[in-house]
Amino acid sequence: MKAGVENDRLGYETLKQALPGLEKLAGQGDADAQYKLALLHLQGLVKGKADLPYAPNQKRAAGLFEKSANGGNVSSQYWMASIFNSGLTGNPSKEKTLEWLRKAANNGMANAAHDLWEVCDKSKGQLVKLEEAKPFLIASAQQGLDIAQYNYGIALIEGKLGPADKKAGFEWLKKAAEQGVGPAQYLLGASLLVGKNL
């Protein structure tokens, strides 16, 4: 336990020394620095003005995430989708959530791409059309996102993306199962018990 406390103390000292430089870079428009500083504010690791106690500052974090996202930081774009989805700093907005998800997905973020598929699937194509969501699901599965591999396998098996392709779907389920996705492991195990590849 003593080592853990010492590591925490060293971590806070390092953060205290690094913070001025990080704040300076963020103030100069560095999107990566803005993202990192936003995370620190969100976690309450930046002291407020006039030596106020450490506390999460969601409003400050959201402002930094937005600047960073507009500067091209993909992780911040994904955070903006989360902020608008939850209403962290105001009212939730489906439109803004989807706008930021699309930006992050178009910039290669597998989680955002998969989330667009989830919105399509759960809304039955009302909020995001299948034609838009399909390539995002495929891309996120190909990038190795385990849950995307599972959902892609299921979509292939069920024929959600075109004609059913059980063989290809089974292969994607195997990839997801190898990464520890429980439902994929269950389906594969059940298929072995009944002697079928789904």
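Fair warning: this is a prediction, and the values are worked out from it, not measured in the lab.

(A) Structural view of the packing of aromatic side chains. Under the criterion given, the structure shown has three aromatic pairs. For the pair Tyr35 and Phe65, a centre-to-centre distance of 6.0 Å together with 55° between the ring planes defines the contact as tilted. You can see Tyr35 sitting in helix 2 (residues 31–42) and its partner Phe65 sitting in helix 3 (residues 58–70), a full 30 residues away along the chain. On the basis of relative accessible area, Tyr35 is assigned to the buried category, the value being 17%. The lysine or arginine in question, Lys103, covers the ring of Trp100, its NZ or CZ lying 4.2 Å from the ring centre. Above the plane of the ring of Trp172 lies Lys175, whose end atom (NZ or CZ) is 4.2 Å from the centre.

(B) Quick look at the packing of helix 8 (residues 146–158) against helix 9 (residues 166–178). Helix 9 packs onto helix 8 with a crossing angle of 160° between their chain directions and a minimal axis gap of 7 Å. As summarised for this structure, helix 8 and helix 9 are arranged roughly antiparallel, according to the angle between their axes. Here helix 8 runs over helix 9; the crossing is left-handed. For the pair helix 8 and helix 9, the contacting residues are Asp146, Gln149, Tyr150, Tyr152, Gly153, Ile154, Leu156 and Ile157 in the first and Lys166, Ala168, Gly169, Phe170, Trp172, Leu173, Lys175 and Ala176 in the second.

(C) Representation of the environment of Arg102 in the model. Counting through the fold element by element, Arg102 comes out in helix 5 (residues 94–106). Residue classification places Arg102 among the partly exposed positions, given a relative accessible area of 26%.

(D) Expanded view of the environment of Thr89. Within the secondary structure, Thr89 sits in the loop between helix 4 (74–86) and helix 5. For Thr89, the residues in contact, after removing those within four places along its chain, are Gln58, Lys59, Ala62 and Ile83.

(E) Seen up close, the pattern of salt bridges. This model, assessed by the stated rule, comprises eight salt bridges. Residue Lys103 pairs with Glu99 through a salt bridge whose shortest N-O separation is 3.6 Å. Taken together, the residues span about one helical turn, with Lys103 and Glu99 both in helix 5 at a distance of four residues. The exposure class assigned to Lys103 is partly exposed, which follows from its relative accessible area of 34%. Among the ionic pairs, Glu132 bridges to Arg102, the shortest N-O distance being 2.5 Å. Of this pair, Glu132 sits in helix 7 (residues 130–142) while Arg102 sits in helix 5, placing them 30 residues apart in sequence.

(F) Seen up close, the nonpolar core. Counting residues in hydrophobic clusters, the biggest one holds 44 residues, and the most contacted among them are Leu37, Leu40, Phe65, Leu116, Leu137, Tyr152 and Leu161. Residue assignment for this core shows that the elements contributing at least two residues are helix 1 (2–27), helix 2, helix 3, helix 4, helix 5, helix 6 (110–122), helix 7 and helix 8. Once you skip the residues sitting within four places of it in the chain, Tyr152 turns out to touch Leu137, Ile138, Ala141, Leu161 and Trp172. Among the nonpolar cores identified, the runner-up in size contains 10 residues, and Tyr150, Ile154, Leu173 and Ala176 belong to it.

(G) Expanded view of unusual backbone geometry. Positive phi, normally seen in glycine, also occurs at Lys124, with a value near 55°. With respect to the secondary-structure elements, Lys124 resides in the loop between helix 6 and helix 7. When its relative accessible area of 70% is taken as the criterion, Lys124 is described as exposed.

How each quantity is defined
- Residues numbered from 1 in each chain as written.
- Predicted model: local features only at pLDDT ≥ 70, side-chain atom pairs only at ≥ 80, totals over all residues.
- Heavy atoms only, no water.
- Phe/Tyr/Trp six-rings, centres within 6.5 Å; stacked < 30°, edge-to-face > 60°.
- Helix = DSSP H or I, 4+ residues; strand = E, 2+ residues; numbered from the N terminus.
- Buried < 20%, exposed > 50% of the residue type's maximum accessible area, 1.4 Å probe, protein only.
- Lys NZ or Arg CZ within 6 Å of the ring centre and 35° of its normal.
- Axes fitted to C-alpha atoms, helices over the stretch in contact; angles between N-to-C directions.
- Parallel < 35°, antiparallel > 145°, perpendicular 65-115°, else oblique.
- Left-handed = near helix turned anticlockwise from the far one by under 90°.
- Contact = heavy atoms within 4.5 Å.
- Salt bridge = Lys/Arg side-chain N within 4 Å of Asp/Glu carboxyl O.
- Core = buried A, V, L, I, M, F, W, Y, C linked by side-chain atoms within 4.5 Å.

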